[in-house]
Amino acid sequence: MNIGEAAEATGVTAKMIRHYEQIGLIRAAGRTGSGYRVYGPKDLSTLSFIRRARDLGFSIAQIRDLLALWQDRARASGDVKRIASEHVAEMKEKMRLLQEMVHTLEHLSAHCHGDDRPDCPILEQLATGMAEEKCC
């Protein structure tokens, strides 16, 4: 199977397949006599694994670790759980920070008149970095 077919079968773009090969996330593909990459069933399984892991937001480093664990039949499931649990904690922290941003923007938007006046607490916040309690 060539790179285009592998991309279609796995949902990973050809550009990303090349990138994953370049950074060593996947093994170098076999080549035809004319130099085209050739992918087999094992390669497709690995690419699908990577796509699903990326869909869940795992970093390349985490995916590298997960791939190593997936390929190691003597692995401890606790190692996999640790990676997943750390990722959940990271996502929860990002969600918390996003919620803070939403709260700040809602507060600033509520205090912006949104009319022809030039005064705007949103722009004031961006320009001065004042805490929302002080600027609004």
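In this numbering scheme, every chain counts its residues from 1 along its sequence in written order. Since the coordinates come from a predicted model, pLDDT governs what is reported: local features require at least 70, and pairs of side-chain atoms require 80 or more to be given and counted, while whole-chain, interface and lining totals use all residues. Where side-chain values are given, they derive from all heavy atoms of the structure, hydrogens and water being excluded.

Some remarks on the environment of Gly-30
Consideration 1: In this text, helices come from DSSP runs of H or I with a minimum length of four residues, and strands from runs of E with a minimum of two, each type numbered from the N-terminal end. One can find Gly-30 in strand β1 (residues 30–31).
Consideration 2: The classification of residues rests on relative accessible area computed with a 1.4 Å probe and restricted to protein chains. Under 20% of the type maximum is buried, over 50% is exposed, and intermediate values are partly exposed. Accessibility expressed as a relative area gives 32% for Gly-30, which makes it partly exposed.
Consideration 3: Distance from Gly-30 to Arg-73, taken between C-alpha atoms, is 25 Å for residues 43 residues apart in sequence.
Consideration 4: Every residue in contact with Gly-30, bar those within four places of it in the chain, is listed here: Tyr-36, Arg-37 and Val-38. In what follows, residue pairs with any heavy atoms lying within 4.5 Å of each other are defined as contacts.

Considering the UniProt feature "domain: HTH merR-type" (unreviewed entry) in the chain
Consideration 1: UniProt positions are given in the numbering used here, feature names are shortened, and annotations may be inferred rather than shown by experiment. Summarizing the sequence annotation, UniProt attributes the feature "domain: HTH merR-type" (unreviewed entry) to residues 1–69 in the numbering used throughout.
Consideration 2: Segment residues 1–69 splits into 61% helix and 6% strand. End C-alpha atoms: 26 Å apart.

Thoughts on the confidence of the model for the chain
Consideration 1: The predictor rates its confidence in each residue with pLDDT, a number between 0 and 100. The predicted model of the chain has a mean per-residue pLDDT of 93, with 95% of residues at 70 or higher.
Consideration 2: Counting contacts from residues 132–136, a segment whose pLDDT is below 50, to residues more than four positions away or on other chains yields 12 contacts.

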